Amino acid sequence: MFNNIYIDPIVILTEKEARVFDKLVDDLTEELNNETLSDIVPRAYLQLFLAKSSSIKMNAVSNKNNDSERDELMEQFSQLLDEHFLNLHKPVDYAELLSMSRDNFTRRCTRYFRKSPSQLIQEKLMLEAKKQLHLTRQSIKEIAYNLRFQDEFYFSRVFKKFTKVSPQAFRDKTGISIVADMSKD
């Protein structure tokens, strides 16, 4: 719900929406304080909380898209980025695919996404790095290779610059998901 690198992960709630969430949290708190605790009702409250959050987020994105003019080339760039971020790490590569000059591409991208193409490419790579660090038992060296970095040391420097922690520190903090063991052959 909040992992799309192209849009802000923040939604400003109206007073009415804030009251709805306050009521949900109050009801959930009351249920959790109930001595005959069953996980069915709190789980339902959490699902309702997430569903309401998702609905409000989608409305906010829809309203934003209606407010601003849709740029088809930039939408195409976001698709190209999703497809080619492992192989294409430079904005000029995407500008060429879109038959645009580098300067025009950078200007339009920054205006449309409020981020430079370099930032979007880095965010996409770092999101994938975080996924692989959390969801696999691969070594840092293997992950660096998967993401097409020159070597593990360069990958570690870029990762630390972006996240403020080393890949190993990130893995130590988040742990390795049980999904990592499920995906073994």
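In this text, all values refer to a predicted model and were calculated from it rather than measured experimentally.

## Here's the deal with the confidence of the model for the protein chain
In low-pLDDT segments, the atomic positions of the prediction should not be examined closely. Across the protein chain, the average pLDDT comes to 85, with 86% of residues at or above 70. Ranking the helices and strands of the protein chain by mean pLDDT puts helix α4 (residues 91–97) first, with 96, and helix α10 (residues 179–182) last, with 69.

## Quick word on helix α5 (residues 102–113)
Relative to the 16 Å expected for 12 residues at 1.5 Å per residue, α5 spans 16 Å between its end C-alpha atoms, a close match to the ideal helical length. When α5 is considered as a whole, its buried residues turn out to be Phe-105, Cys-109, Tyr-112 and Phe-113. Looking down the long axis of α5, one finds its buried residues gathered within 75 degrees of arc, a one-sided arrangement. For α5, the elements touching its buried residues are α3 (72–84), α4 and α6 (117–135).

## A word on unusual backbone geometry
Phi is positive for Ser-99, close to 55 degrees, though the residue is something other than glycine. Turning to its location among the elements, Ser-99 is positioned in the loop between α4 and α5. Of note, Arg-114 is a non-glycine position whose phi angle comes to about 60 degrees, a positive value. Locating Arg-114 in the fold gives a position in the loop between α5 and α6.

## Here we look at the packing of α3 against α6
At a minimum axis separation of 10 Å, α3 and α6 run at an interaxial angle of 35 degrees. For the element pair α3 and α6, the recorded crossing hand is right-handed. Where α3 abuts α6, its residues Phe-77, Leu-81 and Asp-82 lie against Leu-120, Ile-121 and Lys-124. By residue class, the composition of the contact of α3 with α6 is 4 nonpolar, no polar and 2 charged.

## Concerning the pattern of salt bridges
What the rule picks out here adds up to 6 salt bridges. With a shortest N-O distance of 3.0 Å, Lys-124 and Asp-82 are connected by a salt bridge. On the criterion of sequence distance, the pair formed by Lys-124 in helix α6 and Asp-82 in helix α3 is long-range, its members being 42 residues apart. Here Lys-124 falls in the buried class, since its relative accessible area comes to 18%. Of the charged contacts in the structure, one is a salt bridge between Asp-103 and Arg-102, with a shortest N-O distance of 4.0 Å.

Criteria and cut-off values
Residues numbered from 1 in each chain as written. Predicted model: local features only at pLDDT ≥ 70, side-chain atom pairs only at ≥ 80, totals over all residues. Heavy atoms only, no water. pLDDT = per-residue confidence, 0-100. Helix = DSSP H or I, 4+ residues; strand = E, 2+ residues; numbered from the N terminus. Expected span 1.5 Å × (residues − 1). Buried < 20%, exposed > 50% of the residue type's maximum accessible area, 1.4 Å probe, protein only. Arc of directions from axis to C-beta. Contact = heavy atoms within 4.5 Å. Axes fitted to C-alpha atoms, helices over the stretch in contact; angles between N-to-C directions. Left-handed = near helix turned anticlockwise from the far one by under 90°. Nonpolar A, V, L, I, M, F, W, Y, C, P; charged D, E, K, R; others polar. Salt bridge = Lys/Arg side-chain N within 4 Å of Asp/Glu carboxyl O.

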